[in-house]
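# Descriptive analysis of the structure
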Amino acid sequence: MNFRPSGAWDRLAAVLLVLAFALAGWKILQRAPASPFAVQPVSPSTEALKPSPRASLPPQQLSPDGRFRFDAQFVSSSPGQAVHAASLVELRDGRLRAVWFSGSREGAGDVTIQTSVMDPASLRWGAESTLFDRRQLQQGLWRYVKKLGNPVIARAPDGSLCIWMVNVSLGGWAGSSITWARSTDEGSTWSTPRRLVMSPFLNISTLVKGAPVSFQDGQIGLPVYHEFITKFGEMARINTQGEVVDKVRIPGSQTSLQPVVLVTGSEQADVYMRSGTATALMVSQTTDAGKTWSSTHAGSWPNPDSALAGVVTNTGARWLALNPAPRNREVLALLHSGPGTSFGATPWIVESAATPQVRTSVQDYERLLAQELKARGAGENQVRAYVASARRQLCGEQNCSQEFSYPYLLQSRDGYLHLVYTWHRTRIKHVRLDPLQPFQAAQAATNRVATP
Amino acid sequence: MTLWAKWATALVFVLLWCPLGAAHLPLVAYVRGISSDLSISLVAIACLGMYQRVSGVHLVSDHERKVLNLVFAAGALFLYPLALGWGDWDSYRLGWGAPGMWAALLVVSLVCWGKGLRLLPVLIALGLLAWAAGALESTNLWDYLIDPWIAVGAIFQCFKMVGCQLRLRFRTAAGGVARTSS
């Protein structure tokens, strides 16, 4: 054996080379062309919603600005934990399954992916259970995992449930990669976790937060983002086996992250991104089903470097959930736009601190949290543990910042809009509202948010 | 290789496979968590290096090694900055079956072959075969051809080569001046 040109070795190397290029060329030719987006048929607004009877349900809550009504309840039920980054999927029988991460603090080694299921008839969330922990991921991936992060759950076009989870082996969140698993029994059991390889540099720094979209050929478009050295948004195309087959960078998205894709046609979609520099909601569009994206530009709404969520409903209306105040996460609101129109100037405020511009004193903060927790059925010990967790994460020596963040939106088949979000980093909260209810005129002047 | 070194190597190899921690993972899995998967090229070069060391047979010429370092360094400089966000164009995307990348690899292989170099075309062929078979966790061809460890090694070797050349020129020039002045 010798690497210098010689008869036998040359012939062997030449055969190897021809075979390799032929097989690789054949594999490239087998690649299916990129498919258009799968778009749900649009129903007339009068037929879209079939509200379920409310007889056995608790009374609805009025929004902080008095303009609309909704049902609200807590999802998570582990007092004292730091919880964050919830996402939601509707099961075949109409129940909802939520997933989120929970642990002693964000980024701790004891963080697990938790899940709970809601019965739509009673709007009650069941006891939470652990879906994945660090040890399971380590054994499945056969590699060291330091910590877990954002989980995103969704139904794949083939009917199975998929979960994508951020996990880190080295460093902070910039060292993340994405692991996924599939369930064919509505989330009761899951396949062995597998990694998605999306970066050539030790596969680090690809994260997920936004809901995936579907393509007509059964592939999935997963909005992901990169954080190492610089930030940018991307759209990964994943085949039916769960493998990455392509990835498109959103141009000009440097400093933007956590893309949320709203598909409005088989070739059209808008992507909205969190601003890493806390300037404005960042926007880009595609008119060729995600093969190319327009250059990212600042939208009209401010963004305080906070995550957002979006959904296109069965009437073709678009909804965004975000923090509309420019500097904090003390207000959480929905923005609505009809088909082909831009988002309105008046947000639907879901949660708001009484005085978002002023930090709350620790005493007032503890009182506020305890009040709501008790009203929703928490016992004294549980209240103490929840408040202690919130205080640990959001309070300084004298005052605290209230936080309603990391929203995730979903429309269920019965037409209701479901919003889950992080409530003071100590609980995951669920809001259900009828998206076709009339949006009342302002009852009292509100200056809680900036208007675009 | 001395007897002591052989035993030490064997011991390290055994220790790498001993289960540790709550997850009962071997040490090699902890290393894998940080190093990520190695490219086919690096594995092949490592195997070749081990064979050379054990057998004492010198298989790769200096010229072949220099070309290898230059190509891997150029590949790394093309791949990593663009893939990690320098600009809007993503070089890593080529690895998901872009015909242009296949064509570029064919050109590199043919040019090397024509120059009498065999190692680089063989490494490319092994990478392509493994990619076609889906041998690694990644579906991207780049991950079969190059990884950060081989890139760092190649760039370091290139700097070393340039350093040697400069030192040689400096010595030649200094020698010339000394001869002239004497």
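Right above here is the structure, for reference.
Model, not experiment: these values are computed from the prediction.

The secondary structure content of chain B amounts to 8 helices and 2 strands. Listing every helix and strand of chain B by position from the N terminus yields α-β-β-α-α-α-α-α-α-α. A globule of 182 residues ought to have a C-alpha radius of gyration of about 16 Å, yet chain B, at 21 Å, is considerably larger. Considering only C-alpha atoms, chain B reaches an extent of 75 × 50 × 35 Å along its principal axes. Counting the 182 residues in chain B, one finds 36% classified as buried. By sequence separation, contacts in chain B at least 24 residues apart represent 59% of the contacts at least 6 residues apart. Of the accessible surface of chain B, which amounts to about 10,300 Å², a share of 74% is contributed by carbon and sulfur atoms.

Here we come to the interface of chain B and chain A. Opposite the 61 residues of chain B that make contact, chain A presents 54 residues. Buried surface at the junction of chain B and chain A, both sides included, amounts to about 5,000 Å², of which 67% is carbon and sulfur. A salt bridge links B:R93 to A:D246; the shortest N-O distance between them is 2.8 Å. Those elements that provide at least two residues to the side of chain B that touches chain A are strand 2 (25-26), helix 2 (27-35), helix 4 (62-83), helix 5 (99-114), helix 6 (119-133) and helix 8 (148-181) of chain B. The element best represented in the side of chain B that touches chain A is helix 6 of chain B, accounting for 10 residues. Of the residues in the side of chain B that touches chain A, the class split is 39 nonpolar, 13 polar and 9 charged.

Here we come to empty space enclosed by the protein. Throughout the structure, instances matching the rule amount to 6 cavities of 30 Å³ or more. Roughly 130 Å³ of internal volume is contained in the largest cavity. Surrounding the largest cavity, 15 residues form its lining, A:V197, B:S36, B:D37, B:S138 and B:D143 being those nearest its centre. Looking at the lining of the largest cavity residue by residue, the classes come out as 6 nonpolar, 4 polar and 5 charged.

The next subject is the nonpolar core. Judged by nonpolar contacts, the single largest core of 77 residues is most densely connected at A:W164, A:L196 and B:I146. Among the nonpolar cores identified, the runner-up in size contains 34 residues, and A:A72, A:V311, A:Y365 and A:V431 belong to it.

Further remarks concern a nonpolar patch on the surface. A contiguous nonpolar surface patch, about 350 Å² in accessible area, is contributed by A:W142, B:F13 and B:W17. By the secondary structure assignment, B:W17 is in the loop between helix 1 (3-16) and strand 1 (19-20).

All names here are of chain A. Here the largest pocket is characterised by a volume of approximately 1,200 Å³. Taken together, 36 residues make up the lining of the largest pocket; nearest its centre are Q40, P212, V311, V312 and L410. For the lining of the largest pocket, the residue count by class is 24 nonpolar, 9 polar and 3 charged. By volume, the second largest pocket amounts to about 960 Å³. The wall of the second largest pocket is formed by 41 residues, among which N239, E243, V244, V245 and D246 lie closest to the centre. Looking at the lining of the second largest pocket, the elements with two or more residues in it are helix 1 (7-29), strand 11 (194-196), strand 15 (232-238) and strand 16 (244-249). Along the lines of polarity and charge, the residues of the lining of the second largest pocket split into 18 nonpolar, 11 polar and 12 charged.

Our next topic: the environment of B:W17. Given the relative accessible area of 46%, B:W17 is considered partly exposed. In sequence terms B:W17 and B:A29 are 12 residues apart; their C-alpha atoms lie 8.5 Å from each other. For B:W17, the residues in contact, after removing those within four places along its chain, are A:W142, B:P26 and B:V28.

Hydrogen bonding along the main chain pairs the strands of a sheet, whether they run parallel or antiparallel. All names here are of chain A. Reading across from one edge, 8-9-10-11 is the order of the 4 strands in this open sheet, with antiparallel pairing throughout. The two strands at the open ends of the sheet, each matched to only one other strand, are strand 8 (147-155) and strand 11. Adjacent strand axes in the sheet meet at a mean angle of 30° when their direction is disregarded.

All right, on to the pattern of salt bridges then. Residue and element names in this part refer to chain A. This model, assessed by the stated rule, comprises 27 salt bridges over all chains. Linking R318 and D270 is a salt bridge whose minimum nitrogen-to-oxygen distance equals 2.5 Å. Of this pair, R318 sits in strand 22 (residues 318-322) while D270 is found in strand 18 (residues 269-275), placing the two residues 48 residues apart along the sequence. Taken individually, R318 and D270 each receive the classification buried, so the pair is uniform in this respect. Its salt-bridge partner being K429, residue E372 comes within 2.5 Å of it at the nearest N-O pair. Here K429 lies in strand 29 (residues 427-433) and E372 lies in helix 4 (residues 362-375), a separation of 57 residues in the sequence.

What follows concerns the side chain of A:S116. Residue and element names in this part refer to chain A. With respect to the helices, strands and loops of the structure, S116 is situated in strand 5 (residues 112-119). Separated by 2.7 Å, the side chain of S116 and the backbone oxygen of G126 make a polar contact. Leaving out residues up to four positions away in the same chain, S116 has contacts with V75, L96, R97, A98, W100, W125, G126, A127 and E128.

We now examine the side chain of A:T115. All names here are of chain A. Among the structural elements, T115 can be located in strand 5. Separated by 3.0 Å, the side chains of T115 and R97 make a polar contact. Filtering out sequence-adjacent residues up to four positions away, T115 remains in contact with R97, A98, V99, W100, A127, E128, S129 and L131.

What follows deals with the environment of B:L48. Residues and elements named next belong to chain B. With respect to the element layout, L48 can be found in helix 3 (residues 40-55). By relative accessible area, L48 is classed as buried at 11%. Residues L48 and H58, spaced 10 residues apart in sequence, show a C-alpha to C-alpha distance of 9.9 Å.

So, about the state of the cysteines. Residues and elements named next belong to chain A. For the structure on display, the rule yields 1 disulfide over all chains. Disulfide pairing places C395 opposite C400 at an S-S distance of 2.0 Å. Torsion about the S-S bond of the C395 and C400 cystine: about 100°, corresponding to right-handed handedness. Judged by relative accessible area, C395 falls into the buried class, the value being 18%.

Time to look at the packing of aromatic side chains. Across all of its chains, the model carries 18 aromatic pairs over all chains by this definition. Measuring from centroid to centroid gives 5.7 Å for A:F201 and A:F228, while their planes differ by 10°, and the two rings are stacked. Separated by 27 residues along the polypeptide, A:F201 in the loop between strand 11 and strand 12 (206-208) and A:F228 in the loop between strand 14 (220-226) and strand 15 bring together distant segments of the chain. Ring centres of A:W319 and A:W348 lie 4.9 Å apart, and the angle between their planes is 80°; on these two criteria the pair is classed as edge-to-face. Placement of the pair is A:W319 in strand 22 and A:W348 in strand 24 (residues 348-352), with a sequence separation of 29 residues. Taken as a pair, A:W319 and A:W348 share a single burial class, namely buried. Sitting above the plane of the B:W131 ring, A:K27 keeps its charged end 4.6 Å from the centroid. Cation over ring: A:R376 sits above A:F74, and NZ or CZ is 6.0 Å from the ring centre.

Criteria and thresholds
- Residues numbered from 1 in each chain as written.
- Chains lettered and ligands numbered in written order.
- Predicted model: local features only at pLDDT ≥ 70, side-chain atom pairs only at ≥ 80, totals over all residues.
- Heavy atoms only, no water.
- Helix = DSSP H or I, 4+ residues; strand = E, 2+ residues; numbered from the N terminus.
- Rg over C-alpha atoms; globule rule 2.2 N^0.38 Å.
- Buried < 20%, exposed > 50% of the residue type's maximum accessible area, 1.4 Å probe, protein only.
- Contact = heavy atoms within 4.5 Å.
- Areas by Shrake-Rupley, 256 points an atom, 1.4 Å probe, with all protein chains shown as cover.
- Buried area = accessible area lost by both parts, 1.4 Å probe.
- Salt bridge = Lys/Arg side-chain N within 4 Å of Asp/Glu carboxyl O.
- Nonpolar A, V, L, I, M, F, W, Y, C, P; charged D, E, K, R; others polar.
- 1 Å grid on protein atoms, 1.4 Å probe; cavity = no way out; pocket = protein on both sides within 12 Å on 5 of 7 lines; lining within 4 Å.
- Points joined across faces, edges and corners; volume = space filled by probe spheres on them.
- Core = buried A, V, L, I, M, F, W, Y, C linked by side-chain atoms within 4.5 Å.
- Patch = residues over 30% accessible without salt bridge, like charges linked within 9 Å, V, L, I, M, F, W, Y side chains within 5 Å.
- Pairing = 2+ DSSP bridges.
- Axes fitted to C-alpha atoms, helices over the stretch in contact; angles between N-to-C directions.
- Polar contact = N/O pair within 3.5 Å; in protein donor to acceptor, adjacent residues only side chain to side chain.
- Disulfide = S-S within 2.5 Å.
- Phe/Tyr/Trp six-rings, centres within 6.5 Å; stacked < 30°, edge-to-face > 60°.
- Lys NZ or Arg CZ within 6 Å of the ring centre and 35° of its normal.

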